[in-house]
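Structure assessment
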Amino acid sequence: MKGLTVLSLLLWLCAAYFVGIYLFVGGFLLVRLEVNRTSACGDVLQPGAESADFCQGPPRFRRVVVLIIDALKIDFARFDPTKTSPRPYENKLPVLEETVSARPAQSRLYPFRADPPTTTMQRIKGFTTGSLPTFVDVGNNFASSAILEDNLIHQLGQMGKRVVFMGDDTWENLFPKKFYRSLPFPSFNVKDLHTVDNGILQHLYTTMVGDDWDVLVAHFLGVDHCGHRFGPDHPAMADKLTQMDGVIRSVRRNPKQTEAAGSVMERLQDDTLLVVMGDHGMTDTGDHGGESQKETDAALFLYSPSAIFPGPPTEDEPDVVPQTDLVPTLALLLGIPIPFSSVGQVLLPLFPPQEQNQGAVRRLSQLEALWINTKQVHRFLQTYSSLSSDIPPESLSELKLLFSRLSSDYLGSVGAGLPPSPHLSSSLQAYLTSVRDTCRATWARFNPAKMAAGLAVLTFACLACFVMSELSAVLTEEKRLGLKAPVAAAITIGVIAAAAVQLVARGYVEAVWCLAAGAFASEALFLWRAWRLNRPAVLKNGAKVSKLSARRLLAPSLAVPLLRCASLLSDSYVIYEGRVVTFLLLSLALYVPVRLNWDGHLVPLTPDPLKSAGLLPSPALTLAAVRKESGSLIGCLGGLVLCACVSLSFHGCREEQGGCTPSPFLSPLSRLQDSQLKNLYYILSVVSLGVSAYLLRLWLCHYGNLNSSGGTAFAARWVLPLLCVCAGLHWAVSATREDGFRKLAELIRVAQLALPRAAFALLGLGLCLIWADPLTVFLKTRAAASARSPALPPRYRASTGISPQAELRHLIPQIYQHMRRSLEDGETGGGGEEDGRPAVEAYGLGTVYSAPLLLLCGLLGVGLLLLHPEGMALAFLLLLLEMAALLHIHAAAANLRSVAWTPVVLWSLAASQFFHSTGHLPTFPSIQWGAAFVGFPDGHSGTVLPACLVTLNTFASHILFAVGCPLLLFWPLVREVRGSRGVKGHGEEGEDAVMEMRLREKPQQFSAALLQLSTRYLFILGAQVFSSVCAAAILRRHLMVWKVFAPKLLFEASGFVVSCCFLLIGVTLVLRVDVAVGRWFKRLIPDASR
């Protein structure tokens, strides 16, 4: 078998796809231009024509306390005394509404709207710089880098303000060495509800009493982590919100509070402003990251012991405060310059109207604050437009014209000493809103050149993949390939040419264009060589037929994926893709028996022995065998329909789906309050896991693969059961309430750490054993039977070793024809059984390729299940059953020499279907971040390992179907003996069912079939990525691009990369088994080695 040729072609094809994806994404998801300039006191103009030092004036507040309660959605801050039975998150933070009602001149509560993405790092960046994020910023949430743009923390430091921080360590990464004093605590462990909050409370009150701070920032994480772990509708959320209520209010309500001498509001002075805010909200499941109103609407509470508002809220006050508005508001209240890149608008109720600003100490009035804010935003707009051409010229001209008119009106009235126009304030506000809306609409920068190059590379990659699948037999022929050297030369020439052109034109080299040139040159050369290798075949009638034909893309089996690819241009399809894919899967599966029946192969009308049944390659099928096989096919179809329908019960919900209710199986058992329901779910999960492992072991035992004493058989006998035991015990420990067994708390904590790590170690051991010793063959030498038996030629068979009947059905009487001949040629005259010559049985040889592959899928399945909620065990069992049903359906209609398009398309649809049926969606809020802490309850020191765990969790279905893809080639061979006439008598000669050994007889066809199967699977996946890329490119200005199409592109591209990696792992394992089988035969009979 030409394994190196197959592997090198697949590696090159995957690399070409990766380059195309990298190019397009690099041009599509660009971070906006950051203006590297800072504001200063001298460049902010006071309300006059001359420059003045803005910072010399007395600030409204000398100190500010900022309490950030992560994920404090506005619903948590509301208080409704009419509710007699509030939910756990309702009416638990009454201090905010009570204070606003009792002290309207000193406090306000507003909805605080965040700009998506609603992840913590981007929100901190937004309410410290006043700038708007871009979509790609979400990828930096767990790899926070220092903020380089002008921001509040920098300006406070420049003015000599002492900023003290405590809480979420993300701030320390964003503002390194910017704090006067900082107490960061690890933030990534979402299962830890108390460490960060308790650490803050140990230092918060003592710091407030001291006089060594001007700005105090405390970032609590307990509410956010409680949402991630339990969801908002859980008693733990009530406890957390009640704790935060006690932290804020001036009189303790909870007798269990341990804080001495009151709380934050009691320690405030008259010149101190208290800001209590959430950085984002959360969904009903406790997640965030998207742009639904539940995720974007947080709470903003403002309070000071002295009066800061003229009275109760009026109709003129804003209904919602954008988070960017906090930046200019705090800057002007503290007497520091507004950060240069801020596009926020001052919150006017905090500034006195012009007519009320006549006290002994004059403060900035509302109009003056608006003018300073407008001047700063206009300066940023001018600077940004001079550095970048993102903003449309017509919009820029309108904004400049509007500012000129407003500037003339304002400066004219100030210079003449006249009161300003009553409409001037609203005009300035309208200008600031227009600038922010314009920036938000245009800060989706694209690089058309990279996007076009990525599309071109992906187009040629898809074409090359299709050509490779159709010409696999030619490409794997010896002395016909001749592609390695030309492709390597094309890549080298392309890279050198691209580098030379860039050096001449720009003076520097950008690596991405070298990659693009190398990929494009190699693809063009491959297609040219493939065209030359495509010699038409001559039929008996003299007609010439080309091996490559575009008509094959119009086959019914390919119409389904092409229709799906076209549907990716519809946002409605993407939203409801989970159910649509299920419909497409079942429709195409039902097409198989319909087509067989149409061709007369499913139920022949007459028992004509000369007519092939079409179910197996051998024409020697009786009518009874055909009916039996047809019944098996219909039964598998029924099982497939049942599994697909039940799997719909495990779907999650998108915001756009309206009244959709997410599956209860998506919640961890620790969130359930009903003990009986929790026990029922646990039993169902353990039973599902046990059934999955039992079915896998049953299959291996049935075909004799467990008789071996090798590493793979050891993994099946011991590693797999122990892995399941660890998973079941881990679920039991994780479902235990923290206060349920106080005496065993330390033991439970150790178990939460040790059990999943033991499972990971067992998984690693099993994978190593499979790779090191993949053979599951047991060789048994039998002494000759009775001397009265007639002399027989030496026979070799693979036996199941279960029962005589099973042995008769799954014998391989000859391992190799030429191996048998070699033995017969070497025997001495007449040496029959009278000479005592042994007969050899090879147990498990008929499934030597599929057995380690199935075991690999089983071990990976248990390991991936460990990263999911416990309720997903039933979903994984359905996945296993659906894979088996698809394989049996395929085996009933497959050609043993190649794999048709229909089963490959079904396989890819099943991978997409179970992506949704394991609770995943192509949205960021649906990412199951808890997977990062399985086995690591105390968090991680880096980001690589948690990112890998979350990736494995998200793309579990892609992994299992990709690594198990070669089973489509082996399964018809495994089931070859089903429906045969039976085993022949001892003296009869005839064609024997050799199962997977048939592939060893013709290694060139084996290589071609494996390459064809892999490239067809890659073509289906690549076409989906190409369609997502086209949708994102065509609809890049669509209203739903960042909500639907861009996330879909990222998930589709990531899933493709993961699928490619694990498809290569599966193919490599097949090649590893092939090498091991060859060595086994050499050791068995050296003279007959191939």
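In this text the structure is predicted, and so the values were computed from the model without any measurement.

Notes on the sheet that holds strand β6 (residues 272-277)
Pairing is mixed in the open sheet, where 8 strands are placed in the order β4-β3-β5-β1-β6-β7-β2-β8. Each of the sheet's edge strands pairs with one partner strand only, and the pair in question is β4 (181-185) and β8 (321-322). Summarising the sheet, strand β3 (residues 163-168) and β4 pair through 5 bridges and their orientation is parallel. Among the inter-strand pairings, G167 is bridged to a residue of β4, identified as P184. The sheet strands contacting helix α7 (residues 195-209) are β1 (63-69), β3, β4 and β5 (215-220), and the helix crosses β5 at an angle near 160°.

Regarding the packing of aromatic side chains
Inspection of every chain in the model, using the stated rule, returns 33 aromatic pairs. Ring geometry for F466 and F1019: centres 5.6 Å apart, planes at 50°, overall tilted. Remark: F1019 occurs in helix α35 (residues 1003-1034) and F466 occurs in helix α15 (residues 448-470); sequence separation between them is 553 residues. Residue F466 is classed as buried on the basis of its relative accessible area of 7%. Relative to F1019, the ring of W901 has its centre 5.8 Å away and its plane inclined at 65°; by these criteria the two rings are edge-to-face. In this pair, W901 is assigned in helix α30 (residues 901-917) and F1019 in helix α35, connecting sequence segments 118 residues apart. Since its relative accessible area comes to 10%, F1019 is described here as buried. An aromatic cluster is built from F127, F165, W171, F175 and F179, whose rings are joined through pairwise contacts. The lysine or arginine in question, R108, covers the ring of F309, its NZ or CZ lying 4.2 Å from the ring centre.

Concerning the pairing of β3
For β3, a buried count of 6 out of 6 residues is recorded, marking the element as mostly surrounded by other parts of the structure. Inspection of the sheet shows β3 paired to β5 by 5 bridges, in the parallel sense. Looking at the pairing, F165 lines up with V217 of β5.

A look at the side chain of D297
For D297, the location among the structural elements is in strand β7 (residues 297-303). Only 2.7 Å separates the side chain of D297 from the side chain of R113, close enough to count as a polar contact. In this structure, D297 is in contact with K73, I74, F112, R113 and G281, ignoring residues within four places of it in sequence.

Considerations on the side chain of T207
Mapped onto the elements of the fold, T207 is located in helix α7. Of the residues examined, T207 reaches a relative accessible area of 7% and is grouped as buried. When near neighbours in sequence (up to four residues on either side) are disregarded, T207 contacts V164, M166, R181, W213 and L216.

Remarks on helix α31 (residues 944-954)
Listing the buried residues of α31 in full gives P946, L949, V950, N953 and T954. On an axial view of α31, the arc spanned by its buried residues comes to 135°, and they lie on one face. In this structure, the buried residues of α31 make contact with α30, α32 (956-963) and α36 (1041-1084).

Regarding the pairing of β1
The element β1 is largely enclosed, with a buried count of 7 among its 7 residues. The alternating pattern of β1 places R63, V65, L67 and I69 on one face and V64, V66 and I68 on the opposite face, and all of these are buried. When β1 meets β6, the two strands line up parallel, connected through 6 bridges. Bridging across to β6, R63 finds its partner in T272. Sheet analysis places β1 next to β5, joined by 6 bridges and oriented parallel.

Some words on the packing of α7 against helix α9 (residues 235-248)
Interaxial distance between α7 and α9 falls to 13 Å at its minimum, and their mutual angle equals 10°. Relative to α9, the element α7 is oriented roughly parallel. Two secondary-structure elements touch here, α7 through D197, N198, L201, L204 and Y205 and α9 through K240, Q243, M244 and V247. Of the residues assigned to the contact of α7 with α9, the class counts are 5 nonpolar, 2 polar and 2 charged.

Criteria and thresholds
Residues numbered from 1 in each chain as written. Predicted model: local features only at pLDDT ≥ 70, side-chain atom pairs only at ≥ 80, totals over all residues. Heavy atoms only, no water. Pairing = 2+ DSSP bridges. Helix = DSSP H or I, 4+ residues; strand = E, 2+ residues; numbered from the N terminus. Contact = heavy atoms within 4.5 Å. Axes fitted to C-alpha atoms, helices over the stretch in contact; angles between N-to-C directions. Phe/Tyr/Trp six-rings, centres within 6.5 Å; stacked < 30°, edge-to-face > 60°. Buried < 20%, exposed > 50% of the residue type's maximum accessible area, 1.4 Å probe, protein only. Lys NZ or Arg CZ within 6 Å of the ring centre and 35° of its normal. Polar contact = N/O pair within 3.5 Å; in protein donor to acceptor, adjacent residues only side chain to side chain. Arc of directions from axis to C-beta. Parallel < 35°, antiparallel > 145°, perpendicular 65-115°, else oblique. Nonpolar A, V, L, I, M, F, W, Y, C, P; charged D, E, K, R; others polar.

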